[in-house]
Amino acid sequence: MSTRRTRPAPRPPEGTPPRPELARQARAVLADAVRIAHWAAGAPAPGSSAPLATQALERAATALELSPAQVRAGWDRARLAGLIELHGDTARPGWRLRAWDRDDSAVLRGWVALFDAWSLVHAAPEGIEAGAVAEAVEAVPQVLSLLQLSAGPVAVPALLDLLAQRIAELQEERCEVPYGAGRSAAESAPATTGRPAPAPDRSADLDALLLDWALEGLAAVGALTLGKGHATLTPLGNWAVWVKLEQICVAAQSPAGNIEQSAADMLLGCARLTPGPARDEYRAWLAARTVGSAVAELLAVARGEDALLRGLAFEALRVVGAPAEPEVRAVVTNPSLRPYALLWLAEYEGADPDDAQEILSREEATWLWVDTAAAVADHGETGLLVRHLDSAVQGTVPALLDEVRAVGHPRTVQVLVALAAAHPDPALAKAVRRAAFQVHTGGA
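Here is what the cut-offs are and how they apply
- Residues numbered from 1 in each chain as written.
- Predicted model: local features only at pLDDT ≥ 70, side-chain atom pairs only at ≥ 80, totals over all residues.
- Heavy atoms only, no water.
- Pairing = 2+ DSSP bridges.
- Helix = DSSP H or I, 4+ residues; strand = E, 2+ residues; numbered from the N terminus.
- Expected span 1.5 Å × (residues − 1).
- Buried < 20%, exposed > 50% of the residue type's maximum accessible area, 1.4 Å probe, protein only.
- Axes fitted to C-alpha atoms, helices over the stretch in contact; angles between N-to-C directions.
- Left-handed = near helix turned anticlockwise from the far one by under 90°.
- Contact = heavy atoms within 4.5 Å.
- Nonpolar A, V, L, I, M, F, W, Y, C, P; charged D, E, K, R; others polar.
- Phe/Tyr/Trp six-rings, centres within 6.5 Å; stacked < 30°, edge-to-face > 60°.
- Patch = residues over 30% accessible without salt bridge, like charges linked within 9 Å, V, L, I, M, F, W, Y side chains within 5 Å.
- Areas by Shrake-Rupley, 256 points an atom, 1.4 Å probe, with all protein chains shown as cover.
- Salt bridge = Lys/Arg side-chain N within 4 Å of Asp/Glu carboxyl O.
- Lys, Arg positive; Asp, Glu negative; His and termini not counted.
- Charge placed at Lys NZ, Arg CZ, Asp CG, Glu CD.

Brief notes about the pairing of strand β5 (residues 230-233)
Looking down a regular strand, the side chains alternate between one sheet face and the other.
At step 1: Strand direction decides the pairing type here: strand β3 (residues 154-155) and β5, joined by two bridges, are antiparallel. Of the residues in β5, the one forming a bridge with A155 is H230.
At step 2: Bridge analysis of strand β4 (residues 224-227) against β5 gives four bridges, and the strand direction is antiparallel. Each bridged residue has a counterpart across the sheet, and for L226 the counterpart in β5 is A231.
At step 3: What sits between the antiparallel neighbours β4 and β5 is a turn of two residues, in which G229 has the positive phi angle 80°.

Re helix α20 (residues 362-379)
At step 1: For α20, built from 18 residues, the straight-helix expectation of 26 Å at 1.5 Å per residue is met to within 8% by its first-to-last C-alpha distance of 26 Å.
At step 2: Three or more residues of α20 are buried, namely E364, A365, T366, W367, L368, W369, V370, D371, A373, A374, A375 and V376.

With respect to helix α18 (residues 338-348)
At step 1: Counted residue by residue, α18 has nine buried out of 11 residues, so it is predominantly covered.
At step 2: Taken residue by residue, α18 has P339, Y340, A341, L342, L343, W344, L345, A346 and Y348 as its buried positions.
At step 3: One or two residues past the end of α18 sits G350, with phi positive at roughly 110°.

Digging into the packing of helix α8 (residues 130-150) against helix α11 (residues 203-220)
At step 1: Running from N to C, α8 and α11 point in directions that differ by 65°, and their axes come no closer than 10 Å. When you trace α8 past α11, the crossing you get is right-handed. Across the interface between the two elements, A132, V133, A136, V137, V140 and L144 from α8 touch L206, L210, W213, A214 and L218 from α11.
At step 2: For the contact of α8 with α11, the class distribution of residues is 11 nonpolar, no polar and no charged.

Here we look at the packing of aromatic side chains
At step 1: On inspection of all chains with the given rule, the structure shows four aromatic pairs.
At step 2: Here the aromatic rings of W111 and F115 are separated by 5.3 Å at their centres, their planes lie at 10°, and the arrangement is stacked. With W111 and F115 both in helix α6 (residues 104-116) and four residues apart, this pair spans about one turn of that helix. F115 carries the same exposure label as W111, and that label is buried.
At step 3: Summarising the aromatic geometry, the rings of F314 and Y340 are spaced 5.6 Å apart at their centres and angled 20° between planes, so their arrangement reads as stacked. Taken together, the positions of F314 in helix α16 (residues 307-320) and Y340 in helix α18 put the pair 26 residues apart, joining distant regions of the chain.

A look at a negative patch on the surface
At step 1: Side chains of D352, D354, D355 and E358 sit close together on the surface and give a patch of like negative charge.
At step 2: Position of E358 relative to the elements: it lies in the loop between α19 (353-356) and α20.
At step 3: Owing to a relative accessible area of 66%, E358 belongs among the exposed residues under this scheme.

The analysis is restricted to geometry; functional conclusions fall outside its scope.
Structure, rendered in structure tokens:
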């Protein structure tokens, strides 16, 4: 009997509107994006680049009675919120668009995807190095936390102090020296020779510029409102920040809390969890990171040699959803990731998980069978490896062995040796050992 205590379902902060009202507000924020998504889904070849092709932009502006700037903004929002999906030069309706009018959860997930991508919605000021922009994006969650905890307007100077402090902490963690910190006394002294004095360190001005950009970007997605010298979270923004903070708290308080772990350690920590608790861990781990860095770290783990982590990485990417789609689509050409990526994309595009396997070729399905068997051999029980035989697409063991030998998986020999050692049928075990020897020696 388990003695684990269940944590009561958390309640949102007092005054948070009910989910139907939050969904209504999210629909209002994304109204133009939904209109453009419906138009794009029915338009011929609207274009695959982030800005619409000129002719398509003109057609959309005319059809929807919007300005070209509104069409561009709505197009970007529709893509970021998962309302449309691009396949070459064809735009298709995303599953969220199909569920938009009837599913409040789909609406809120779409808005949260847009909220997470605020830095893409509102372009960063020109002339600022990418590193400085990335630091600001990484520091913004702390600013949002202060806004959420304050439950009301917060003065911009207080937000600026917090942003600068968080950026300094990030630089210290990376052992970086801020601009101007290493100058000599002679370099720092005012000029006395008639030449103009050197320009002062402009980091404070840079932080102020970055904060203005971040607040404007968050306001553009409906997360906050800007007043004269202060900012306030909207009900949607307040709810979204609370959800993310709650996910972090749940992970930190749970026996399987892995929020501070690397992707590999987090996935290993989730390996023996059932699907529901594992997804909770994935969500909490993701909530503590920017989407781009989390997806990159998960895919880096998937490229490694541990087959168990490869499969778990794609399970975590299923929780990420739409923001991971471009990166997952980009790894389809990687032989070791292709079957996982194809299944992920099929499910993302609405296929039933039980039917998604049908999109794999025979060779891809066999490769995936070997990879899964390698994960079982490394981390599972021998009985599970024997039962794994039943999941092969081939009807007979001889046919399976023939195709396994041909597929070229790097773990084929180890998998066959482990299967032979585990199988209770001596004749079958002998045939499997023979196949392993043939692969090892390169024989037929």
